[in-house]
Amino acid sequence: MRIPVPTLLLTIAMSLGLAACANGPDLRDAQRLALYEANAGAPVESFHYFGGINGWTPLGDSALAVWTRPNQGYLLDLLGSCPDLEYARAISVSNQFGRVHARFDSVDVLDRDSFGIPCRIEQIRPIDAAALKQAEREMRESVEMAERTQDAGGGT
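Residues numbered from 1 in each chain as written. Predicted model: local features only at pLDDT ≥ 70, side-chain atom pairs only at ≥ 80, totals over all residues. Heavy atoms only, no water.

Trainee: Help me understand unusual backbone geometry in this model?
Mentor: A positive phi angle, near 55°, is found at Phe-97, a position not held by glycine. Inspection of the secondary structure puts Phe-97 in the loop between strand 5 (90-93) and strand 6 (99-101). On the accessibility criterion, Phe-97 (86% relative accessible area) is exposed. A positive phi angle, near 70°, is found at Arg-103, a position not held by glycine. Relative to the elements of secondary structure, Arg-103 occurs in the loop between strand 6 and strand 7 (106-110). Classification of Arg-103 as partly exposed rests on a relative accessible area of 46%. (Helix = DSSP H or I, 4+ residues; strand = E, 2+ residues; numbered from the N terminus. Buried < 20%, exposed > 50% of the residue type's maximum accessible area, 1.4 Å probe, protein only.)

In C-alpha cells:
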C-alpha cells in the first residue's frame, strides 16, 4: 500500500510541528519509519541473502531497513522490541540456504554490551529505493522551506 506523496508530506509536516513540543528521538524514529513504510511494497515471504548486508538503518526498536545491494533493500518488522537495536554498531541476519524468511529468521545485535537475544523477523517488505530517495528529498525540502518561513516570520 502506498500513501500519496501530498498526504505523506502533510503527515510529516504535522509531525515536524509537534517536534517543537516533543523531546527525544522517538518522533524522528516514527517519522523515518513512516517514510520507509510509505515506500515499502506488499509483504513477501523471503528474500535472497547474498552473504552480507550492504547497509542497514534502525527505525526504532522494532523495525529496520537492510540493504542487500545499493538499490535493493527490505523493511523488516520485528516481533516485539529488539533491545539495543537503535544503538548497535553491527547486526547479523540469520538465513536458510541463502534466503531470509519472515517468521523463521532473526536479526542479532552484535555488541559487546548486548546479550545477543535474537529478534524474530515478523514481516518483510521490499523497499522502492528510488521512491524512498525522492520522498526523503521532498521531506528535506519541505523542512528547509518551513524553517525559512519561520525565520522570515520572526519565529523563535
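Trainee: What's the story with the sheet that holds strand 7 in this structure? I'm lost.
Mentor: Pairing between the strands of a sheet is mediated by backbone hydrogen bonds and can be parallel or antiparallel. Spatially, 6 strands are ordered 2-3-4-8-7-5 in an open sheet, and the strand pairing comes out antiparallel. Looking at strand neighbours, the two that pair on one side only are strand 2 (55-58) and strand 5, the edges of this open sheet. Across the sheet, the mean angle separating the axes of adjacent strands is 35° when strand polarity is ignored. By the bridge criterion, 6 bridges tie strand 4 (residues 72-78) to strand 8 (residues 119-127) in an arrangement that is antiparallel. Within strand 8, the position partnered with Leu-75 by the bridge is Arg-125. (Pairing = 2+ DSSP bridges. Axes fitted to C-alpha atoms, helices over the stretch in contact; angles between N-to-C directions.)

Trainee: Teacher, can you tell me more about a negative patch on the surface here?
Mentor: Side chains of Glu-141, Glu-144, Glu-147 and Asp-151 sit close together on the surface and give a patch of like negative charge. Tracing the backbone shows Glu-141 in helix 3 (residues 129-152). (Patch = residues over 30% accessible without salt bridge, like charges linked within 9 Å, V, L, I, M, F, W, Y side chains within 5 Å. Areas by Shrake-Rupley, 256 points an atom, 1.4 Å probe, with all protein chains shown as cover. Salt bridge = Lys/Arg side-chain N within 4 Å of Asp/Glu carboxyl O. Lys, Arg positive; Asp, Glu negative; His and termini not counted. Charge placed at Lys NZ, Arg CZ, Asp CG, Glu CD.)

Trainee: Got a minute to help me understand the pattern of salt bridges in this structure?
Mentor: Between side chains of opposite charge, a pair can form when the charged atoms approach closely. Throughout the structure, instances matching the rule amount to 3 salt bridges. Between Glu-45 and Arg-103 there is a salt bridge; the shortest N-O distance is 2.6 Å. In this pair, Glu-45 is assigned in the loop between helix 2 (26-38) and strand 1 (46-48) and Arg-103 in the loop between strand 6 and strand 7, connecting sequence segments 58 residues apart. Close ionic contact of Arg-125 with Asp-77 constitutes a salt bridge, the shortest N to O distance being 3.0 Å. Placement of the pair is Arg-125 in strand 8 and Asp-77 in strand 4, with a sequence separation of 48 residues.

Trainee: Just checking my understanding: could you explain the state of the cysteines for this structure?
Mentor: Summed over the entire model, instances satisfying the criterion amount to 1 disulfide. Through a disulfide, Cys-82 is tied to Cys-119; the S-S separation comes to 1.9 Å. As the torsion about the S-S bond is roughly 75°, the Cys-82-Cys-119 disulfide counts as right-handed. With a gap of 37 residues between them, Cys-82 in the loop between strand 4 and strand 5 and Cys-119 in strand 8 connect regions that are remote in the sequence. Exposure class is identical for Cys-82 and Cys-119. Each is buried. (Disulfide = S-S within 2.5 Å.)

Any functional reading would require information beyond the geometric quantities listed.
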